[in-house]
Amino acid sequence: LLIVILGIALGVGLYRSSETFKTTFMNRCEKFEGSDCEKIWTAFEQAYLGKDPCEVPMEAYDPLIAAAPFEPACNRMMFWSKTKDVAHEFTAKKHCFTTLEDTLLGSVLNDLTWCGKEGSGETFTSGCPRWNDCDNNTVRSFWNRVSAAFAEVACGDTTVMLNGSIATPFSLYSIFGSIEVKRFNPEKMRSLNVVLVTQQERNTTNCTNLSLKDLQKELREGIKYNCKEVSESQIQECSSNPETPCGACW
Ligand code: C8R
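Residues numbered from 1 in each chain as written. Predicted model: local features only at pLDDT ≥ 70, side-chain atom pairs only at ≥ 80, totals over all residues. Heavy atoms only, no water.

### Focus: unusual backbone geometry
The phi angle at N75 is positive, at roughly 70°, despite the residue not being glycine. The topology assignment puts N75 in the loop between helix 3 (62–67) and strand 1 (78–81). Here K82, not a glycine, exhibits a phi torsion of approximately 60°, which is positive. Relative to the helices and strands, K82 is located in the loop between strand 1 and helix 4 (84–93). (Helix = DSSP H or I, 4+ residues; strand = E, 2+ residues; numbered from the N terminus.)

### Here we look at the packing of helix 6 (residues 138–152) against helix 7 (residues 175–183)
Following both chains from N to C, one finds helix 6 and helix 7 inclined at 35°, their axes separated by 7 Å at the closest point. Viewed along their axes, helix 6 and helix 7 form a crossing whose handedness is right-handed. Counted together, W143, N144, S147, A148, F150, A151 and E152 of helix 6 and I175, I179, E180 and R183 of helix 7 form the full contact between these two elements. Per-class residue counts for the contact of helix 6 with helix 7 are six nonpolar, two polar and three charged. (Axes fitted to C-alpha atoms, helices over the stretch in contact; angles between N-to-C directions. Left-handed = near helix turned anticlockwise from the far one by under 90°. Contact = heavy atoms within 4.5 Å. Nonpolar A, V, L, I, M, F, W, Y, C, P; charged D, E, K, R; others polar.)

### Structural notes on the environment of T205
Take T205: it is sitting in the loop between strand 3 (189–198) and helix 8 (210–218). Residue contacts for T205: discarding those within four places in its chain leaves N163, G164, S165, I166, A167, P169, L196 and T198. There is a polar contact of 2.6 Å between the side chain of T205 and the backbone oxygen of G164. At 3.2 Å, the side chain of T205 and the backbone oxygen of I166 are in polar contact. (Polar contact = N/O pair within 3.5 Å; in protein donor to acceptor, adjacent residues only side chain to side chain.)

### Structural notes on the site of the ligand
S81, K82, E101, I175 and E180 are the nearest of the 15 residues found near the ligand. One of the side-chain nitrogen or oxygen atoms of N110 is found 2.9 Å away from a nitrogen atom of the ligand. Separating an oxygen atom of the ligand from a backbone N or O atom of F176 is a distance of 3.1 Å. Its free accessible area being 620 Å², the ligand has 85% of it covered by the protein chains. Here the residues of the shell around the ligand sort into seven nonpolar, four polar and four charged. (Near = heavy atom within 4 Å. Areas by Shrake-Rupley, 256 points an atom, 1.4 Å probe, with all protein chains shown as cover.)

### Some remarks on helix 6
One full turn of an α-helix is made of 3.6 residues, so residues set three or four places apart face in the same direction. End to end, helix 6 covers 21 Å across 15 residues, agreeing with the expected 21 Å (1.5 Å per residue, within 8%). Counting buried positions over the 15 residues of helix 6 gives 14, a clear majority of the element. (Expected span 1.5 Å × (residues − 1). Buried < 20%, exposed > 50% of the residue type's maximum accessible area, 1.4 Å probe, protein only.)

### Concerning the confidence of the model for the chain
Per-residue confidence for the chain averages 94 on the pLDDT scale, and 97% of its residues sit at or above 70. Across the interfaces of the predicted complex, the ipTM metric reaches 0.90, alongside a pTM of 0.92. (pLDDT = per-residue confidence, 0-100.)

### A word on the state of the cysteines
In total, this model carries seven disulfides according to the counting rule given. The partner cysteine of C207 in its disulfide is C227, sulfur to sulfur 2.0 Å. Residues C207 and C227 are joined through a disulfide that is left-handed, its torsion about the S-S bond being -80°. Here C227 lies in strand 4 (residues 224–231) and C207 lies in the loop between strand 3 and helix 8, a separation of 20 residues in the sequence. Given the relative accessible area of 25%, C227 is considered partly exposed. (Disulfide = S-S within 2.5 Å.)

### Concerning the sheet that holds strand 2 (residues 156–163)
Hydrogen bonds between backbone groups are what pair the strands of a sheet, and the pairing can be parallel or antiparallel. As summarised here, the arrangement of the four strands in space is 1-2-3-4, forming an open sheet in which the pairing is parallel. Among the strands making up the open sheet, the edge pair consists of strand 1 and strand 4. Put simply, the sheet's adjacent strands are angled 20° from each other on average, direction ignored. Two strands pair when backbone bridges link them, and strand 2 and strand 3 are joined in this way by eight bridges, in the parallel orientation. Within the sheet, the bridge partner assigned to L162 lies in strand 3 and is L196. Its contacts with the sheet place helix 7 against strand 1, strand 2 and strand 3, and it is angled at close to 155° to strand 1. Packing of helix 9 (residues 232–240) onto the sheet brings it into contact with strand 2, strand 3 and strand 4, and relative to strand 4 it is tilted by some 90°. (Pairing = 2+ DSSP bridges.)

### Brief notes about the side chain of T103
Topologically, T103 is positioned in the loop between helix 4 and helix 5 (104–109). Owing to a relative accessible area of 13%, T103 belongs among the buried residues under this scheme. Once residues lying within four places of it in the same chain are set aside, the contact partners of T103 are F32, F70, T98 and F150.

Pasting the structure below:
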């Protein structure tokens, strides 16, 4: 009897967690007016349902991108690498910049974990592979695919926040280095402006850092490059002051 009860409890638990997942997805999606969230959900699910969660290539999300295409926000797009918190804290307060998490697909799936299972039609939120467990895992392929799509439409003057407190602010193994930079299109993009976020107290890297030379090499001909060291406290001060125009932040 105990086994039966535990079995039912587990079943109900799993069912509830996949229900909550869809609810979270739909609630976040509906904040974006005029989007057909049921259609987007269906396109999302088909990428991984019934599949081994380590065998979901990024192309599996092509129909999702087609269902919710990225609209370019020229001169306002912001990329980041190893600066997630400071970048989002900034864009949450200053609307002159948009990160991927400020777009529909990025915000709907931010901080969520999901996967399917062979022979099952359900979405699971636990027991999924972690980021480095396998290359083609459900969540990693999603971020690779949406990052590629976001970078492809980047236009005008764009910004990237990089972490000036680490030895290699630009890494060829990050999503920014391996996916986004490679897709920047010089016919659309005028410049990439690095904001190297430094910590005042510590000895930190500066714009002469060798890894930033790699970044310049990676950029296709025709995209201008700039770099500026800006302290984290300056960024926070600027974002918490509604009067300061974005152009005066660095
Ligand atoms: N991007 C990548 N990863 C993202 C992400 C996003 O928008 N949003 C979230 N939540 N994540 P990192 P990176 C998660 O190493 O590899 C885009 C992923 O689960 O600091 O260079 C975005 O447009 C992943 O584990 O950065 C940005 O420009 C980490 O955050 C780059 O790619 C990635 O953390 C950042 O990717």
